[in-house]
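Here is how the chains run, residue by residue.
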Amino acid sequence: MSVTSYLDAIWQAARALLREPVAEEPAEGIDVSGHQSSIDWDRVKAAGASFAYVKATEGTGYRDKSATRHASGAFAAGLDVGAYHYLRVRHGAQDAAEQAHQFLAVHRALGCTLLPALDVETQGNEGRSYAEYLAAVRTFVDVVEAEIGRPPLLYTYPGFWAGSSQLTGAEDLVQCPLWIAHYTRRGPTIPRPWTKATMWQYAAGAGVIGRVDGVVGAVDRDRLHVPLEALRL
């Protein structure tokens with residue numbers, strides 16, 4: 001190979017490398033509620049967070065008093081903001097629909113830029129059957145999708161969801177991007193019917209402890225497995 005050919009080969013290889021897309025770092029964020037009394041959002045942003053989810057509502061008739069303060073602070077620091085609702089499995093479809101409508105009203109008032117989320121856990125829902133969970137979740141999801149044109153994120157954890165064949169067999173809920181809470185350094189366990197997570201809550205107040213500059217005490221930390229743009233409304 002001549003010197004000219006050799007240099008040309010190097011140049012072509014360099015051009016190919018320049019054209020190769022650079023893998024983006026996963027977007028990092030936090031989710032907060034009234035448990036976080038005061039947050040310095042500029043420091044949170046400087047620590048690497050690009051988004052935040054704030055608790056907006058729970059059940060019917062309850063709005064988290066910190067939601068507006070947290071959302072305003074996060075927006076002012078330049079973060080994208082989403083909101084979540086804590087599901088109370090109570091009196092069937094009518095109750096779940098009311099919860100969804102109340103949540104969406106707050107979601108709009110906060111000016112959220114990210115897809116809304118539904119938090120599905122056992123605490124506060126003791127004694128409810130898996131069939132009741134599914135009915136409430138499906139109704140809530142239907143109301144949100146009818147309102148904004150997309151299903152919400154569904155937040156849960158493997159120890160709960162994987163414990164029921166009714167839940168793991170709910171193939172229709174795959175349409176909801178999964179936000180999985182699993183505090184491990186090895187990566188989250190994904191319960192069926194999903195095969196992958198959209199967002200991973202990997203640290204909190206127990207297990208892997210979540211610490212972020214600008215927040216006093218432990219805080220939930222989240223990592224996206226998709227580009228942030230995929231969650232923007």
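Residues numbered from 1 in each chain as written. Predicted model: local features only at pLDDT ≥ 70, side-chain atom pairs only at ≥ 80, totals over all residues. Heavy atoms only, no water.

Here we look at the nonpolar core
Within the largest apolar cluster, 54 residues are counted, with the highest numbers of intra-cluster contacts made by Ile30, Trp41, Leu110, Val120 and Leu173. At eight residues, the largest contribution of residues to this core is made by helix 5 (residues 130-148). Among the nonpolar cores identified, the runner-up in size contains 15 residues, and Ala117, Leu153, Leu224 and Leu231 belong to it. (Core = buried A, V, L, I, M, F, W, Y, C linked by side-chain atoms within 4.5 Å. Buried < 20%, exposed > 50% of the residue type's maximum accessible area, 1.4 Å probe, protein only. Helix = DSSP H or I, 4+ residues; strand = E, 2+ residues; numbered from the N terminus.)

Examining unusual backbone geometry
In the segment running from Arg192 into Pro193, the intervening peptide bond is cis, with an omega of 15°. Looking at the secondary structure, you find Pro193 in the loop between strand 7 (178-181) and strand 8 (199-203).

Some thoughts on the environment of His35
Inspection of the secondary structure puts His35 in the loop between strand 1 (28-32) and helix 2 (41-46). For the pair His35 and Gly217, spaced 182 residues apart in sequence, the C-alpha separation works out to 9.8 Å.

Some details on the pattern of salt bridges
In the structure shown here, the tally under the stated rule is ten salt bridges. Of the charged contacts in the structure, one is a salt bridge between Asp213 and Arg43, with a shortest N-O distance of 2.6 Å. With Asp213 in the loop between strand 8 and strand 9 (220-224) and Arg43 in helix 2, this residue pair connects regions lying 170 residues apart in the sequence. Between Arg128 and Glu132 there is a salt bridge; the shortest N-O distance is 4.0 Å. (Salt bridge = Lys/Arg side-chain N within 4 Å of Asp/Glu carboxyl O.)

Describing the pairing of strand 4 (residues 80-86)
The buried fraction of strand 4 amounts to seven of the seven residues, a majority that puts the element mostly inside the structure. Going residue by residue along strand 4, you find Asp80, Gly82, Tyr84 and Tyr86 tucked away on one face and Val81, Ala83 and His85 tucked away on the opposite face as well. Here strand 2 (residues 49-58) pairs with strand 4 via seven bridges, running parallel. Looking across to strand 4, one finds that Ala52 is bridged to Val81. (Pairing = 2+ DSSP bridges.)

Here we look at the side chain of Thr198
Here Thr198 is to be found in the loop between strand 7 and strand 8. For Thr198, a relative accessible area of 14% gives the class buried. Excluding residues within four positions of it along the chain, Thr198 makes contact with Leu153, Pro177, Leu178, Arg223, Leu224, His225, Val226 and Leu231. (Contact = heavy atoms within 4.5 Å.)

Considering the environment of Cys112
As for its position among the elements, Cys112 is in the loop between helix 4 (92-110) and strand 5 (117-119). Look past the residues within four positions of Cys112 in its chain and what remains in contact with it is Phe75, Val81, Gly82, Ala83, His107 and Leu233.

Considering the packing of aromatic side chains
Scanning the entire structure with this criterion turns up twelve aromatic pairs. Summarising the aromatic geometry, the rings of Tyr155 and Trp179 are spaced 5.0 Å apart at their centres and angled 80° between planes, so their arrangement reads as edge-to-face. Here Trp179 lies in strand 7 and Tyr155 lies in strand 6 (residues 153-156), a separation of 24 residues in the sequence. Accessibility classification places Tyr155 together with Trp179 in one group, the buried group. Pairwise contacts between aromatic rings join Tyr130, Tyr133, Tyr157, Phe160, Trp161 and Trp194 into one cluster. The residue whose ring lies beneath Arg223 is Tyr202, and the NZ or CZ to ring-centre distance is 4.2 Å. (Phe/Tyr/Trp six-rings, centres within 6.5 Å; stacked < 30°, edge-to-face > 60°. Lys NZ or Arg CZ within 6 Å of the ring centre and 35° of its normal.)

Considerations on the pairing of strand 8
Taken across its five residues, strand 8 has five buried, putting it largely inside the fold. As defined by bridge partners, strand 7 adjoins strand 8 across three bridges and the pair is classed as parallel. If you follow Ala181 over to strand 8, its bridge partner there is Gln201. Relative to strand 9, strand 8 is paired through four bridges, and the arrangement is antiparallel. Bridge pairing links Trp200 to Arg223 in strand 9.

Quick word on the side chain of Ser66
Relative to the assigned elements, Ser66 resides in the loop between strand 3 (62-63) and helix 3 (67-76). Beyond its immediate chain neighbours, meaning those up to four positions away, Ser66 contacts Ser33 and Gly34.

Structural notes on the environment of Gln201
By secondary structure assignment, the location of Gln201 is in strand 8. Take Gln201: its relative accessible area is 1%, and that puts it in the buried class. Sequence-wise, Gln201 and Asp220 are 19 residues apart; in three dimensions their C-alpha atoms are separated by 6.7 Å. Those residues in contact with Gln201, other than ones at most four positions away along the chain, are Asp31, Tyr155, Trp179, Ile180, Ala181, His182, Tyr183, Asp220, Arg221 and Asp222. Here Tyr183 takes part through its side chain, which lies 2.3 Å from a polar atom of the side chain of Gln201. (Polar contact = N/O pair within 3.5 Å; in protein donor to acceptor, adjacent residues only side chain to side chain.)

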